[in-house]
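Structural description and commentary
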Amino acid sequence: MQTMMLKNKNIILGVCGGIAAYKAVELLRLMTKAGANVRVVMTQSALEFVGETTFRVLSENEVCTGLFNTNEASVRHIEWASEADAVVIAPATANFVANMAHGMANDALTTMLLAVTCPVVVCPSMNTHMYENLALQRNIDIIEGDGAFVVEPGSGELACKTTGAGRLPEPELILDRLVAALTRKDLKGKKVLVTAGPTREAIDPVRYVSNHSSGKMGYAIAAAAEKRGGAVTLVTGPVNLEPPFAIEIVKVESALEMADAVLAHLDESDVVIKVAAVADYRPQDPKTSKIKKKDQAPGPKQNSLTLELVENPDILRLAGEKKRHQFLAGFAAETDDLEANALLKMEKKNLDMIAANLVGVEGSGFGSDYNKVKLFFRDGTVRDIPSMEKERVADALLDEIATRLT
Ligand code: CTP
């Protein structure tokens, strides 16, 4: 997650009186860990659930608990509002959402909210029936219409022993949505298709041919594109990663399945970024039953097994042949002659950009959290991206693509 963008940001954390108020403590910890300066505003009912001291110690700031308290925070709450880069309300109660929807200023939090001009992220959390109540839903529509980013509650068993929607999402997810709220929407209205991970080519029902791709680079690009406002589809081979938020996921196994999925989405896409490490070959004749081991021959001679492989379609090349308006980008993993091989692939596959990386070097490539790539563009531009977290590489790459979209 691109939490580096929280560094040195002023964030107001508004805590209302719900049982999930304790989760706001963990959220505060994550935000300060990311380098944000967090100022906490608590409603009177929030104080019934969690002590002010916890928030004061962890935020290293005074906590604002009311309009008429004489502590520094309460006196300066309007100043806080004008200095804020973002506000997060977690948990937001039904009462708070109703007050916000109607522009009430009946406590420190609602008063401050009327004075802020920055993005506001609201995380409702309550009993399922309260959440589904039409009046509450109407109020949510109102605050969304006014520009608030509302994070839908999760479903599960609630503190009131009912099961359904109403749980405060995990702090990591709220943090992710805060980052999204702060991200420039330069891909708004664009459909982005990303492929990620390896493909698996069946030998028999229990064995396959594959490669070491972890999928991390493709997942980072998909997540970053969604935060920039893109409508993202991620076609993914088998990986061990959590799917990013608010993205259409299409799971595939083999190169043939990936080709079908990519070609089915190609026409509607504005940007296609093929990060997947597609297996170039597949077993010609995959068996429907498990291949049994031969009995070991006596003596030094060992048994052998030959697998006949046939070429898979080059998905990116097919997309290059069919492309019309799309911006088409590929990745090239090379062990030698990085530039010459990358430029040749860009030409052969009719790409607008290729991101080339050297595999087998430290700080880059398969499985690593870091990558170091060189971007080559059809217009001749070359950009060197030094070794950095894959999330940051994703942003650097999308910065370049977004400026080239008409
Ligand atoms: N690619 C693809 N379909 C294939 C092979 C590759 O779509 N069958 C795409 C990859 O997703 C990547 C780009 O082509 O975006 C380059 O992949 P790479 O493996 O580096 O190149 P190849 O074309 O397979 O050439 P080689 O393996 O010979 O380097």
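Refer to the structure presented above.
Since this is a predicted model, take the numbers as computed values, not measurements. (Residues numbered from 1 in each chain as written. Predicted model: local features only at pLDDT ≥ 70, side-chain atom pairs only at ≥ 80, totals over all residues. Heavy atoms only, no water.)

As for the site of the ligand
Short version of the rule: Proximity is defined per residue: any heavy atom of the residue falling within 4 Å of a molecule or strand makes that residue near it. Polar contacts, as used here, are pairs of N or O atoms within 3.5 Å; protein pairs need one atom able to donate a hydrogen and one able to accept it. Residues neighboring in sequence count only if both atoms are side-chain atoms. Note on areas: Shrake-Rupley, 1.4 Å probe, and residue coverage restricted to the protein chains presented here. The way it works is that DSSP assigns letters per residue, a run of H or I at least four long becomes a helix, a run of E at least two long becomes a strand, and they are numbered from the N terminus. Charged means Asp, Glu, Lys or Arg here, nonpolar means Ala, Val, Leu, Ile, Met, Phe, Trp, Tyr, Cys or Pro, and polar covers whatever is left, Gly included.
Not every one of the 14 residues close to the ligand is listed here, only the nearest: Lys274, Ala276, Phe331, Lys345 and Lys349. Ala276 is positioned with one of its backbone polar atoms (N or O) 2.7 Å from an oxygen atom of the ligand. Between the ligand and Pro313, the relevant distance is 2.9 Å, taken from a nitrogen atom to a main-chain nitrogen or oxygen of the residue. Protein contacts shield 77% of the accessible area of the ligand, which totals 560 Å² for the unbound molecule. Those elements that provide at least two residues to the shell around the ligand are helix H12 (315–322) and strand E16 (327–334). In the shell around the ligand, the residues fall into 8 nonpolar, 1 polar and 5 charged.

Brief notes about the packing of helix H5 (residues 94–101) against helix H8 (residues 134–145)
The test is simple: Axis definition: a line fit to C-alpha positions, over the contact stretch in the case of helices; interaxial angles, taken between N-to-C directions, run 0 to 180 degrees. When describing relative orientation, an angle under 35 degrees is termed roughly parallel and one over 145 degrees roughly antiparallel, while 65 to 115 degrees is termed roughly perpendicular and anything else oblique. Crossing chirality is assigned from the near helix's rotation relative to the far helix, an anticlockwise turn below a right angle marking it left-handed and a clockwise turn marking it right-handed. Contacts are assigned to residue pairs with any non-hydrogen atoms lying within 4.5 Å of each other.
For the pair H5 and H8, interaxial distance at closest approach is 9 Å and the crossing angle is 50°. The pairing of H5 with H8 is recorded here as oblique in orientation. Our pair here, H5 against H8, has a crossing hand that is left-handed. Between H5 and H8, the contacting residues are Ala94, Val97, Ala98, Met100 and Ala101 on the first element and Leu136, Asn139, Ile140, Ile142 and Ile143 on the second. Broken down by class, the residue content of the contact of H5 with H8 amounts to 9 nonpolar, 1 polar and no charged.

Overview of helix H9 (residues 171–182)
What counts is decided by this rule: Multiplying 1.5 Å by the helix residue count minus one yields the expected span of that helix. Think of it in three bands: residues with accessible area under 20% of the maximum for their type are buried, residues over 50% are exposed, and the middle band is partly exposed, with areas taken using a 1.4 Å probe on protein chains only.
A rise of 1.5 Å per residue sets the reference length of H9, with its 12 residues, at 16 Å; its end C-alpha atoms lie 17 Å apart and thus fit the reference within 8%. Burial runs high along H9: 9 of the 12 residues are buried. For H9, the complete set of buried residues consists of Pro171, Ile174, Leu175, Asp176, Arg177, Leu178, Val179, Ala180 and Ala181. The inward-facing, buried residues of H9 contact strand E1 (10–15), helix H1 (21–33), strand E3 (86–92), strand E4 (120–124), strand E5 (149–150) and helix H10 (216–227).

The quantities given are spatial measurements derived from coordinates; they are silent on function.
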